[in-house]
Amino acid sequence: MSEFLLPNEKDARVRSRNYRGEIIRDAVRLTESQKILGNGLSYCVNTYGCQANVRDGEVICGILEEMGFTATEEMSMADLIILNTCAIRENAENKVVGELGYLQSYKRRNPNLIVGMCGCMAQEPQMARKIVEKYPIVDLMFGTHNIYRLPALLENIMKNDVRSIEVLSRQGNIYEGLPTIRSSRHKAFVNIMDGCDKFCTYCIVPYTRGQQRSRLMQDVLDECRQLTENGYREITLIGQNVNAYGKDLDEGYDFADLLNRVADIGTERIRFTTSHPWDFTDAMVDAIAQRENIMPFIHLPLQSGNDEILKKMGRRYTREQYLELYDKIVSRVKDVAVSTDIIVGFPNETHEQFIDTLKVVDYCRYDNAYSFIFSPRESTPAARMEDRVPIEEKKERLALLNQKLGEYSKMHNKQCEGKVFDVLIDGVSKTDSTVMCGYTRQQKLVNFRSEKGRVGDIINVRITEGMKNSLNGVDVSDERADNE
Ligand code: 5AD
Ligand code: SF4
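Conventions and cut-offs
- Residues numbered from 1 in each chain as written.
- Chains lettered and ligands numbered in written order.
- Predicted model: local features only at pLDDT ≥ 70, side-chain atom pairs only at ≥ 80, totals over all residues.
- Heavy atoms only, no water.
- Helix = DSSP H or I, 4+ residues; strand = E, 2+ residues; numbered from the N terminus.
- Rg over C-alpha atoms; globule rule 2.2 N^0.38 Å.
- Areas by Shrake-Rupley, 256 points an atom, 1.4 Å probe, with all protein chains shown as cover.
- Lys, Arg positive; Asp, Glu negative; His and termini not counted.
- Charge placed at Lys NZ, Arg CZ, Asp CG, Glu CD.
- Near = heavy atom within 4 Å.
- Nonpolar A, V, L, I, M, F, W, Y, C, P; charged D, E, K, R; others polar.
- Domains from an automatic or database assignment.
- Buried < 20%, exposed > 50% of the residue type's maximum accessible area, 1.4 Å probe, protein only.
- Arc of directions from axis to C-beta.
- Contact = heavy atoms within 4.5 Å.
- Polar contact = N/O pair within 3.5 Å; in protein donor to acceptor, adjacent residues only side chain to side chain.
- Core = buried A, V, L, I, M, F, W, Y, C linked by side-chain atoms within 4.5 Å.

**Describing the overall build of the protein chain**
Step number 1: A tally of helices and strands in the protein chain yields 14 helices and 21 strands.
Step number 2: Against the globule reference of 23 Å for 484 residues, the protein chain gives a C-alpha radius of gyration of 23 Å, in line with a compact fold.
Step number 3: Judged by the C-alpha coordinates and their principal axes, the protein chain covers about 65 × 55 × 50 Å.
Step number 4: Accessible surface, the protein chain: about 21,500 Å² in total, of which carbon and sulfur atoms supply 47%.
Step number 5: The average position of the 64 basic charges and that of the 72 acidic charges among the side chains of the protein chain differ by 2 Å.

Laid out in structure tokens, this is it:
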């Protein structure tokens, strides 16, 4: 495998003081031959992960279309299939490995099919090696740091009939102005930073996405302004930990400043994700509380409600500090909804420690939550910790937790019944054009009927029924909103 460039763990964990990625503004400049390489060929990009992964997928689509490829939703018809993978938990990876098995039959039918793999799984040293050795159907592999190399890698495959495998271990620079095909015309993700330096002990992201690099505020603002001028009604600022925005720059601004400046642009709905409870500043709370166009919805990952486990997770806050922040948010931000992430069965978590998590859930009564069983990840400290908790017990804890989380989300949703909410319409049923779905300002999913509504409109919906995971409602745009 000497001609292949594969990642290694040692380089991936390196953090250099004062590292500032260089800003590269023309990383994708296609040669004349690359511009026509995809003519007459179709592609399909399957994305499996978080918002950063989705955003990477949009850039991959942008590059491929500049190369002449045409999108197809029908994977079996595609000439190029790219799996844009996630490594956060084992089941995310299993999905991709299953897909690779399936793709073997496609490749038998169409030997010219090009199969590519990118994203966080490609950044895992053992996984990348395994894929290259065991899955010869994978012709193309690149990582999260070198998406801009796609044209050259594809050209190499198509002209020389070889495999192109190139994954870097160290983070790259900051790439501005990469081609993009946005997946929606009314909602957009804007990444404000890449990488993560938090190193929570269970998490693979700092290794797969490298050292934190913030984009310059001016570049973020320009992108937000452009999107807003082009009719986008909602922008979500994304980063692995947006609260740390700007800390790697020496520009004197932070995430609260950015939030305020984006709000000044006047985009109708501004969201952000993910914020770590550790460096959630008062200035951020103020911005969310005071600015009408910053949505009253905060995802605040708890992970565990027990101090000892939090310490072992490297979370750097205590249960008390988390609750203090939670209290501050709910007391200052009107009508706020709070969601969370929780991991059960961290190595050697005791039943009592798990009960501490349930107690925090009882206190915070989250509007929504994502819960997971701890999944040991390659290279992370937690994967090397002793763990005597049987998987059956972890499953029982997850079921108990989910039961509680479900009750609270249903309670919140029931409280919405009879009230009217602003809903940004996201989609329309394929079979009945009056059946639609969308999200409230609090990021609650609503299914509703509307005669006049169109995708991208913001309309008033009266909630008729609150269920565990969603709301049902009817378009009452002709009446006045009495809730918000
Ligand atoms: N095992 C289980 N859940 C994890 N998460 C991150 N890493 C792991 C892991 N190794 C969860 C965390 C995080 C969310 C995105 O995924 O709860 O907030
Ligand atoms: Fe998955 Fe994390 Fe990578 Fe996002 S950053 S794709 S959640 S592993």
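On we go from here.
**Side note on the site of ligand 2**
Step number 1: Looking at ligand 2, the residues that line it are C50, N53, C86, A87, I88, C120, V205, R209 and Q240.
Step number 2: Classifying every residue of the shell around ligand 2 by side-chain character gives six nonpolar, two polar and one charged.
Step number 3: Formed jointly, the shell around ligand 2 draws a minimum of three residues from each of two domains, domain 1 (9-166) and domain 2 (181-414).

**Description of the domain arrangement of the protein chain**
Step number 1: Here the domain parsing of the protein chain yields domain 1 (9-166), domain 2 (181-414) and domain 3 (420-483).
Step number 2: Computed from C-alpha atoms alone, the centre-to-centre distance between domain 1 and domain 3 is 36 Å.

**Focus: helix α10 (residues 282-290)**
Step number 1: Considered for burial, the residues of α10 that qualify are M284, V285, A287 and I288. For α10, the angular spread of the buried residues around the axis is 160°, confining them to a single face.
Step number 2: Buried residues belonging to α10 abut α9 (255-265), β13 (269-273), β14 (297-299) and α12 (319-332).

**Digging into the site of ligand 1**
Step number 1: Around ligand 1, the neighbouring residues are I88, R89, Y202, Q303, D341, I343, F372, I373, F374, S375 and R377.
Step number 2: Here Y202 contributes a backbone N or O atom positioned 3.0 Å from a nitrogen atom of ligand 1.
Step number 3: Q303 places a polar side-chain atom, nitrogen or oxygen, 2.7 Å from an oxygen atom of ligand 1.
Step number 4: The protein chains hide 86% of the 400 Å² of surface that ligand 1 would expose on its own.
Step number 5: For the shell around ligand 1, the secondary-structure elements that each account for two or more residues are β15 (337-344) and β16 (368-373).

**Re the nonpolar core**
Step number 1: L237, F255, L258 and F272 are the most contacted members of the largest nonpolar core, which has 57 residues in total.
Step number 2: Per element, the largest residue contribution to this core is six residues, and it comes from α9.
Step number 3: Excluding anything up to four places from it in sequence, L258 contacts I192, M217, V220, L221, L237 and Y245.
Step number 4: One finds L100, V115, A128 and I204 within the second-largest nonpolar core, a separate group that totals 30 residues.

**Focus on unusual backbone geometry**
Step number 1: Residue T274 follows T273 across a cis peptide bond; omega there is 5°.
Step number 2: Within the secondary structure, T274 sits in the loop between β13 and α10.
Step number 3: Despite not being glycine, D335 has its phi angle at roughly 55°, a positive value.
Step number 4: Examined against the element boundaries, D335 turns out to sit in the loop between α12 and β15.
Step number 5: Here the phi dihedral of R365 falls at roughly 40°; this positive angle occurs in a residue that is not glycine.
Step number 6: Mapped onto the elements of the fold, R365 is located in the loop between α13 (351-364) and β16.
Step number 7: Looking at R365, the relative accessible area reads 41%, which means it is partly exposed.

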